[in-house]
Amino acid sequence: MAMPRNLCVVLLDSLNRHMLGSYGGHEFDTPNLDRFAAERATRFTNHVTGSLPCMPARHDILTGSLDFLWRPWGSIELWEKPITRALAEAGVTTMMVTDHPHLFETGGENYHTDFQAWDYVRGHEGDPWRTYSDPSWVGAPAMPARTGGWWFERTIGFDGLTRAYDKSRTFFREEADYPGPRTMTEAARFLREATPHHDRWFMFVDEFDPHEPFDTPAPWAGRYQDDPWDDEVIIWPPYADGAISAGRLSETEGRHIRANYGSKLSMIDHWFGRVLDEFDARDLWDDTALIVCTDHGHYLGEVRNDRDIWGKPSVPQYEPLGHIPLMIHWPGVDGGATCDALTTGVDLFATIADVFDVSVDNVTHGRSMAPLLDGSADSIRDWAIGGVFGKWVQVTDGRHKYARSAVGDNFPLSMWSNRWSTMPLHVAGMVGLPDPDDRAWLDHMPGSTIPVIRQPFQPGDMLPFWAGGANVDEHHLFDLSVDPDEQENRVGDRAEAEMIDLLRTALEEVSAPDDQFARLGLR
């Protein structure tokens, strides 16, 4: 079977697999994603997260290498060659269409630079698009909503958190003005107007919906609201491990937030239909692969350890967040198929590289999914690992999932980087990343001769934002074949020893730093 000539990736941030109709969800309407899965795509049933959260997951896709074992959220490093640079060298036209604000701030500032062209749609989440609220705003189409700091004011009395979107939303006058609809409109425009001018092309649509804020106009707003709601709309969900169970969030508020996610999901599904329409109109299905994926899910009150979980707090990657959807249209393959092989984010990089017959010199960790799609293989990997820097490290074989925490304390822990950037917090007095100090020395990354700053941390140090509050001596083991909702922690069973061996094997195969083996108690 011939490789596709072109490739389009549509990444929908925080897309919950279990809420899509094509994956058995019944709570919210997703007719276009469901149509794509049924008529055009192969639906992958065992796709899992790797590096987390948002920017680390994109690093997996665009550079092909897991980075969470070496550093937190950050930029593309000197020793890495993104897929876009390799494609440019091969004469492939590359285009990014996005409303994802983290791509244009410190910590994500160089992921777009190797695309031949990029279109940044302004106004989503933390994007500092406007300095004031439009005084002519009268509550339509954006309804009055609680501001971005409401949860912190309620729980810790902190009122210093501001969200740029609270100003941006007052400038929207109709549904088509919202960032998600504008992004999909521009992606459809590229398919319609630009692709006829290019011999081979790659488009990456990095759409931040259905990520919060869960803000939608009519007819989506309130679409799934069953309870009476007379308060301001809650568009900013809490990030909490135990909100309702701790009495900090009412059950009515919880249902309201979940319903608002559903509204955002259905709205972006509707606009994703514009992309499908252009594939139909231009007969792109014959020579163009279309990949629909996400970076991670989003907890919306699912219960683990008798606590309701919201957002992306400091917990392991349970199924709602870590078991993610992946649907791929592959020219010559009938739609409606399923693939049960284990796959993860870095495999997307390897697949893109395979389609365009390009390679990079730096170490990568992915395996092409093309053999799964053309039927020449039924498996490409025996394990997948993932996690957040300084937190649990997880491994799965497709049946068992093992999340191992640090043992004793969270040290030794080191960070490797030459860019030294991470997500800005936009909160006065809070620093997301400490500067390197005189304990740092020059080291090397696996397979690289470029010197890199290695900063060791020790107890008492301020850690990078994502590593803070790490749990220790708290391992989790689940047999997903009989316990898909992860209610029975099987740590201590015979299977734990097998999964520890598998985790050790996986870490050795990716040349993980010695610090990780030590902090996890594997040495």
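Here the structure is a predicted model, which means the values were calculated and not measured.

Chemist: Just checking my understanding: could you explain the packing of aromatic side chains for this structure?
Modeler: The geometry of an aromatic ring pair comes down to the distance between the two centres and the angle between the two planes. Scanning the model with the defined rule gives 20 aromatic pairs in all. Chaining the aromatic ring pairs together yields one cluster made of Trp129, Tyr132, Tyr165, Phe171, Phe172, Tyr178 and Trp236. The ring of Trp129 carries the charged tip of Arg182 above its face, separated from the ring centre by 5.6 Å. Cation over ring: Arg367 sits above Trp383, and NZ or CZ is 5.7 Å from the ring centre.

Chemist: In this structure, what is going on with the state of the cysteines? I would like to understand it.
Modeler: Simply put, disulfide is the name for a covalent bond between the sulfur atoms of two cysteines. Per the counting criterion, the structure on display carries 0 disulfides. The closest cysteine sulfur to the non-disulfide-bonded Cys8 is located on Cys293, 10 Å from its own sulfur. Among the cysteines around Cys54, which has no disulfide bond, Cys293 carries the closest sulfur, lying 13 Å off. You can call Cys54 buried: its relative accessible area is 3%.

Chemist: Where do I start with the environment of Leu502 in this structure?
Modeler: Structurally, Leu502 can be placed in helix α11 (residues 494-509). What makes Leu502 buried here is its relative accessible area of 18%. Put simply, Leu502 and Ile385 are 117 residues apart on the chain and 9.9 Å apart in space, counted from C-alpha to C-alpha. The residues contacting Leu502, other than those within four sequence positions of it, are Trp383, Val395, Thr396 and Asp397.

Chemist: Explain the layout of surface pockets here, please?
Modeler: Over the atoms rolls a probe the size of a water molecule, and its path tells where empty space is left. Reported here for the largest pocket is a volume of approximately 1300 Å³. Lining of the largest pocket is provided by 50 residues; of these, Phe152, Tyr239, Met423, Phe465 and Trp466 occupy positions nearest its centre. Sorting the residues of the lining of the largest pocket by element identifies α4 (150-156) and β7 (240-241) as the ones contributing at least two each. Looking at the lining of the largest pocket, the element that brings in the most residues is α4, giving 3 residues. Tallied by class, residues from the lining of the largest pocket come to 30 nonpolar, 11 polar and 9 charged. Volume-wise, the second largest pocket comes out at about 260 Å³. Taken together, 14 residues form the lining of the second largest pocket, with Arg17, Glu319, His323, Pro484 and Asp485 sitting closest to its centre. Elements represented by at least two residues in the lining of the second largest pocket include exactly β9 (299-304) and α8 (319-322). In the lining of the second largest pocket, the residues fall into 3 nonpolar, 5 polar and 6 charged.

What counts and how
Residues numbered from 1 in each chain as written. Predicted model: local features only at pLDDT ≥ 70, side-chain atom pairs only at ≥ 80, totals over all residues. Heavy atoms only, no water. Phe/Tyr/Trp six-rings, centres within 6.5 Å; stacked < 30°, edge-to-face > 60°. Lys NZ or Arg CZ within 6 Å of the ring centre and 35° of its normal. Disulfide = S-S within 2.5 Å. Buried < 20%, exposed > 50% of the residue type's maximum accessible area, 1.4 Å probe, protein only. Helix = DSSP H or I, 4+ residues; strand = E, 2+ residues; numbered from the N terminus. Contact = heavy atoms within 4.5 Å. 1 Å grid on protein atoms, 1.4 Å probe; cavity = no way out; pocket = protein on both sides within 12 Å on 5 of 7 lines; lining within 4 Å. Points joined across faces, edges and corners; volume = space filled by probe spheres on them. Nonpolar A, V, L, I, M, F, W, Y, C, P; charged D, E, K, R; others polar.

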